[in-house]
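Listed below, chain by chain, are the residues.
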Amino acid sequence: MVFAFDHGVEHGPSDFPREFLDPRKIISRVVEGGVDAIMMLPAMAYQTRDAWAGRTSLIVKLTSKTNLRPPDERLRQSTFGLFEEAVSLGADAVAATVYWGSQFEDQMLEKWFSIKGKADLYGIPCLQLAYPRGPSIKNIYDVEVVRYGVRAAVESGADLIKTYYTGSEESFREVVKVASGIPVLMSGGPPRENFLEFLRDVENVMRAGGSGVVVGRNVFRHPNPEKAVKAISAIVHEGKTAEEAYQLVK
Ligand code: FBP
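Each chain carries its own residue numbering, running from 1 in the direction its sequence is written. Per-residue local features are limited, in this predicted model, to residues with pLDDT of at least 70; the limit for side-chain atom pairs, both in listing and counting, is 80 or more; totals at the level of whole chains, interfaces and linings are taken over all residues. The basis for every side-chain value is the complete set of non-hydrogen atoms in the structure, without hydrogens or water.

Caption draft 1: Fine view of the overall build of the protein chain. Per the convention used, a helix needs a DSSP run of H or I reaching at least four residues, while a strand needs a run of E reaching at least two, with both numbered from the N terminus. In terms of helices and strands, the protein chain carries 12 helices and 10 strands. Against the compact-globule benchmark of 18 Å for 250 residues, the protein chain has a radius of gyration of 17 Å, which places it among compact chains. Taking the principal axes of the C-alpha coordinates as reference, the protein chain spans close to 45 × 40 × 35 Å. Within the protein chain, the proportion of its 250 residues that are buried is 53%. Only heavy atoms matter for contacts: two residues are in contact if any of them lie within 4.5 Å across the pair. Long-range contacts, defined as pairs at least 24 residues apart, comprise 65% of the intrachain contacts of the protein chain with a sequence gap of at least 6. Of the roughly 11,200 Å² that the protein chain leaves accessible, carbon and sulfur atoms contribute 50%. Positive residues here are Lys and Arg, negative ones are Asp and Glu, while His and the chain termini are left out of the count. By convention, charge coordinates are those of NZ in Lys, CZ in Arg, CG in Asp, or CD in Glu. If you average the places of the 30 positive and of the 32 negative side-chain charges in the protein chain, the two averages end up 3 Å apart. In this treatment the radius of gyration is a C-alpha quantity, and the globule benchmark scales as 2.2 Å times the residue count to the 0.38 power. Burial classes: relative accessible area under 20% of the type maximum marks a residue as buried, over 50% as exposed, and values in between as partly exposed (1.4 Å probe, protein chains only). A 1.4 Å probe and the Shrake-Rupley method give the accessible areas. Residues count as covered only by the protein chains that appear here.

Caption draft 2: Quick peek at the side chain of K61. Position of K61 among the secondary structure elements: in strand β3 (residues 57–61). By relative accessible area, K61 is classed as buried at 0%. By the criterion applied in these results, polar contacts are pairs of N or O atoms within 3.5 Å in which, for protein atoms, one can donate a hydrogen and the other can accept it, and in which residues neighboring in sequence qualify only through two side-chain atoms. Within the local environment of K61, its side chain forms a polar contact with the side chain of E10, the two groups lying 2.9 Å apart. With sequence-adjacent residues up to four places away left out, K61 is seen in contact with D6, E10, M39, M40, L41, P42, Q77, A95, T97 and L129.

Caption draft 3: Layout of the pattern of salt bridges. Basic side-chain nitrogens of Lys or Arg form a salt bridge, by our definition, when they fall within 4 Å of a carboxyl oxygen of Asp or Glu. Under the criterion given, the structure shown has 22 salt bridges. Here K116 and D159 are joined by a salt bridge, their closest N and O atoms 3.3 Å apart. With K116 in helix α6 (residues 105–122) and D159 in the loop between α7 (143–155) and β8 (160–163), the pair connects residues that are 43 residues apart, well separated along the chain. Residue classification places K116 among the buried positions, given a relative accessible area of 9%. Take D159: its relative accessible area is 29%, and that puts it in the partly exposed class. E144 is the salt-bridge partner of R147, the closest N and O atoms lying 2.9 Å from each other. Pair noted here: R147 and E144 are both in helix α7, with a separation of 3 residues, about one helical turn. Owing to a relative accessible area of 24%, R147 belongs among the partly exposed residues under this scheme. Each of D6, E10, K61 and K65 takes part in salt bridges that share partners, so that together they form one network.

Caption draft 4: Broad picture of the pairing of strand β6 (residues 93–100). With 8 of 8 residues buried, β6 is to be regarded as a mostly interior element. Residues A93, A95, T97 and Y99 of β6 are buried on one face, and the alternating residues V94, A96, V98 and W100, pointing to the opposite face, are buried as well. Paired strands are those between which DSSP finds at least two bridges. Relative to β6, β3 runs parallel, the two being bridged by 3 bridges. Counted as the bridge partner of K61 is A95 from β6. Bridging between β6 and strand β7 (residues 126–132) involves 7 bridges; their strand directions are parallel. In the sheet register, V94 faces β7, and the bridge partner there is C126. By convention, a crossover is right-handed whenever its connection, traced from the first strand over the helix to the second and viewed with the strands pointing away, goes clockwise. Read from β6 through α6 to β7, the crossover connection turns out right-handed.

Caption draft 5: Region of the structure containing helix α8 (residues 169–178). All buried positions along α8 are accounted for by S171, F172, V175, V176 and V178. The buried residues of α8 occupy an angular sector of 165° when projected down its axis, which confines them to one face. With respect to the buried face of α8, the exposed residues turned more than 90 degrees away are E170 and K177. The elements touched by buried residues of α8 are α7, β8, β9 (184–187) and α9 (195–207). To be clear, the arc concerns the directions from the helix axis to the C-beta atoms.

Caption draft 6: Here's a closer look at the nonpolar core. Only buried residues count toward a nonpolar core, which is a set of Ala, Val, Leu, Ile, Met, Phe, Trp, Tyr and Cys residues joined through side-chain atoms within 4.5 Å. Core analysis: the largest hydrophobic core is formed by 86 residues, its most contacted members being F3, I38, V94 and I232. Discounting chain neighbours no more than four positions away, the residues touching I232 are M1, F195, F198, L199, V202, V213, V215 and V219.

Take it as geometry only, folks, not as evidence of what the structure does.
This is how it looks when you write it as structure tokens:
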């Protein structure tokens, strides 16, 4: 159960409830909830190290983009840190996004392979945020395009794949199948009004053979982030149903 915390760049600070504008506050809360790892950009990982180091695992994400860019340019991720920074931070894994279907796919792949090449030398796993997104893609949650992105992630050497939930256990099983053994994690997505519904998605992902989830907004926008982490972890690690896990947030 990974906590995603790159939103300050990807979406801007308006994503965060005011009490969490100090990143240490939310990081301490999710650590308290027992999160398995936090995925963040290198500078944020460095600045908040007192809140997470020695208490949870770290996935350093090395690419990002802002939504301040013109819409077309948002289909490109830029380098957001050096691989060596991730190593010096003690990263357990590194991550980078590829928008499969973007007109900038080739540039993101160059970054991906540069990171992957170094990560292989150090024996550090590489998580790919494999998001189908581009001018020809009408529905980014369509099972066929998600499968295509996941297959491309496998063939580009991803050790772990984070991608969109396709809306049902049955369709996500097809996504997991195409990963042929590479762990697939669900990307959290926009915050849900009904947390039980979000937990049902997590349950479906796990029943479909998914390996876990990487969640940001549905945790840091939850009124009780520690309990949200505990509930999600109960499904991921203990095989609890969504209804059982929901009792933990009450
Ligand atoms: P969420 O659980 O908040 O969706 O976080 C997952 C994530 O992939 C983050 O890593 C990233 O900041 C964001 O979603 C990307 O959002 P968008 O889909 O708007 O580009």
